[in-house]
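Descriptive analysis of the structure
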Amino acid sequence: MRGDVHIHVEPKHEKKFIQTIERAGLKYSVLQEDIQRGIDTEWQSISRHAGSRDYTQTYLDLIGVDDFLSTLAAEVPQRLERFNLGRTTIEGRQIWAVKISTDLNGSGKKAVWIECGTHAREFITISTCLATANNLARLYGGTGAAAEKATAMLDLYDWYIVPVHNPDGYDYAYWVSRLWRKNRRQNNGICFGVDLNRNWNSNFGGTGSSGQSCSDTYRGNSALSEPETAALNDAVQTTNTVAFISIHSYSQYILLPWGYQSSKPSDYNTLLRIARSAEAELESYYNTAFLVGTPPDILYVASGGAYDHMKLNNGIKYSFTYELRPGSGSSWGFELPENHIAPTIEETFASLWKFAEEIYADDNATGRK
Ligand code: 0X9
Ligand code: ZN
């Protein structure tokens, strides 16, 4: 393990916990005295925006997201279609995706897939996916900085965006338990949830995942045992996919493969160069610095992650994971204040454009794939 670890301790365990880490000689600082207070503050703000469909101002609930996507599909039918991934979740929900293309009947272009909301509590990722879909669909062919990027992105690729990969978990985190991470599988009558980012077939069962059903990193029974992972895996294979991007929060990282082991893929230097270029674009807007590297180098080893799976098993060379705002030293964590939504969207969208440009250049320079 490198860097720092954020630990959430119940008040009743605080004394014992501090004694234990002090005895172990570890250094610590308190980032947030009262996590519930942060959650309450966020909720007051979300409540003030209740009923709003403005994803740049507030975090939409699941119904709001679904309405937003169906309206978008109805209003820009020439460029965006909404479809579901074809399997219902444990609680019977659809997993919606959108395809955005200059020619929905068949542009002949390769596909870029973006997945958000795998981890229920990472609300800002959903806003970012919604914004990306909205910008691509509505701004294509227009004028201004974002429109020029949207136009370039769609001229290069078809885009497939899954704004809420884990709708059961998101609904639960939004309405019931703000820090929920997993899906809502009922494991054994005691504990719920499988960590979808430990359930993929990328060294499934290995380091950094848990076999304990109550753990927040519980990997599930077997690789792709969950409807969410199985459905996305199938869908990605129906397109000629050039790139796969998972969007998580938080810590401000762009993560490169591999996450499950410390050795590097043979094309690591290419991926590093591309990610650094995307990072520079992102940072240029609001000085938001992202660290670029592999999870074992900057975070921790974790097996069963989506982007490793896509590269290992589906032959997708350009596979990355974002960890959006806030930075790793922040006291906000997953409750990113709503006034950060718009700048996060702006900087992340710009970096996705840069990814597309760089990936296209590299893919076409190295030839056939
Ligand atoms: O642990 C995760 O799944 C990700 N971090 S998060 O705080 N959003 O939960 C990092 C995933 C990196 N991918 C792999 N290690 N495979
Ligand atoms: Zn996550």
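So, a few notes on the structure that sits alongside this text.

Definitions and cut-offs
- Residues numbered from 1 in each chain as written.
- Chains lettered and ligands numbered in written order.
- Predicted model: local features only at pLDDT ≥ 70, side-chain atom pairs only at ≥ 80, totals over all residues.
- Heavy atoms only, no water.
- Patch = residues over 30% accessible without salt bridge, like charges linked within 9 Å, V, L, I, M, F, W, Y side chains within 5 Å.
- Areas by Shrake-Rupley, 256 points an atom, 1.4 Å probe, with all protein chains shown as cover.
- Salt bridge = Lys/Arg side-chain N within 4 Å of Asp/Glu carboxyl O.
- Lys, Arg positive; Asp, Glu negative; His and termini not counted.
- Charge placed at Lys NZ, Arg CZ, Asp CG, Glu CD.
- Helix = DSSP H or I, 4+ residues; strand = E, 2+ residues; numbered from the N terminus.
- Buried < 20%, exposed > 50% of the residue type's maximum accessible area, 1.4 Å probe, protein only.
- Contact = heavy atoms within 4.5 Å.
- Polar contact = N/O pair within 3.5 Å; in protein donor to acceptor, adjacent residues only side chain to side chain.
- Near = heavy atom within 4 Å.
- Nonpolar A, V, L, I, M, F, W, Y, C, P; charged D, E, K, R; others polar.
- Phe/Tyr/Trp six-rings, centres within 6.5 Å; stacked < 30°, edge-to-face > 60°.
- Lys NZ or Arg CZ within 6 Å of the ring centre and 35° of its normal.

Before going further, it helps to spend a moment on a negative patch on the surface. On the surface, Glu14, Glu33, Asp34 and Asp40 cluster together into a negatively charged patch. In this structure, Asp40 sits in helix 2 (residues 35-48).

Let us now look at the environment of Tyr157. Relative to the elements of secondary structure, Tyr157 occurs in the loop between helix 5 (145-156) and strand 4 (158-162). Residue classification places Tyr157 among the buried residues on the basis of a relative accessible area of 2%. For Tyr157, the residues in contact, after removing those within four places along its chain, are Lys109, Lys110, Val112, Val242, Ala356, Ile359 and Tyr360. In terms of polar contacts, Tyr157 uses its side chain to reach the backbone amide nitrogen of Tyr360, at 3.3 Å.

Not every one of the 16 residues close to ligand 1 is listed here, only the nearest: Arg181, Asn197, Arg198, Tyr300 and Glu323. Take Arg181: an N or O atom from its side chain is 2.5 Å from an oxygen atom of ligand 1. For ligand 1, whose accessible area on its own is 420 Å², the fraction buried by protein is 95%. Within the shell around ligand 1, the residues separate by chemical class into 5 nonpolar, 6 polar and 5 charged.

As a further point, take the side chain of Lys311. Take Lys311: it is sitting in helix 10 (residues 306-314). The class of Lys311 is buried, set by a relative accessible area of 11%. At 3.0 Å, the side chain of Lys311 forms a polar contact with the backbone oxygen of Lys317.

Summed over all chains, the structure comprises 16 aromatic pairs. Measuring from ring centre to ring centre gives 5.8 Å for Tyr59 and Phe123, while their planes differ by 65°; the resulting arrangement is edge-to-face. Separated by 64 residues along the polypeptide, Tyr59 in the loop between helix 2 and helix 3 (62-75) and Phe123 in helix 4 (residues 123-139) bring together distant segments of the chain. There is no split in this pair, since Tyr59 and Phe123 are both buried. Relative to Tyr170, the ring of Phe123 lies with its centre 5.0 Å away and its plane at 80°, an arrangement referred to as edge-to-face. Of this pair, Phe123 sits in helix 4 while Tyr170 sits in helix 6 (residues 167-175), and the two are 47 residues apart along the sequence. Here Phe123 and Tyr170 have matching classes, each one buried. Aromatic ring contacts, followed pair by pair, group Trp43, Tyr59, Phe123, Tyr170, Tyr174 and Trp175 into a single cluster. Lys149 extends its terminal NZ or CZ atom over the ring of Trp353, reaching a point 5.0 Å from the ring centre. In this structure, Arg184 is placed above the aromatic ring of Phe192, and the distance from its NZ or CZ to the ring centre is 4.4 Å.

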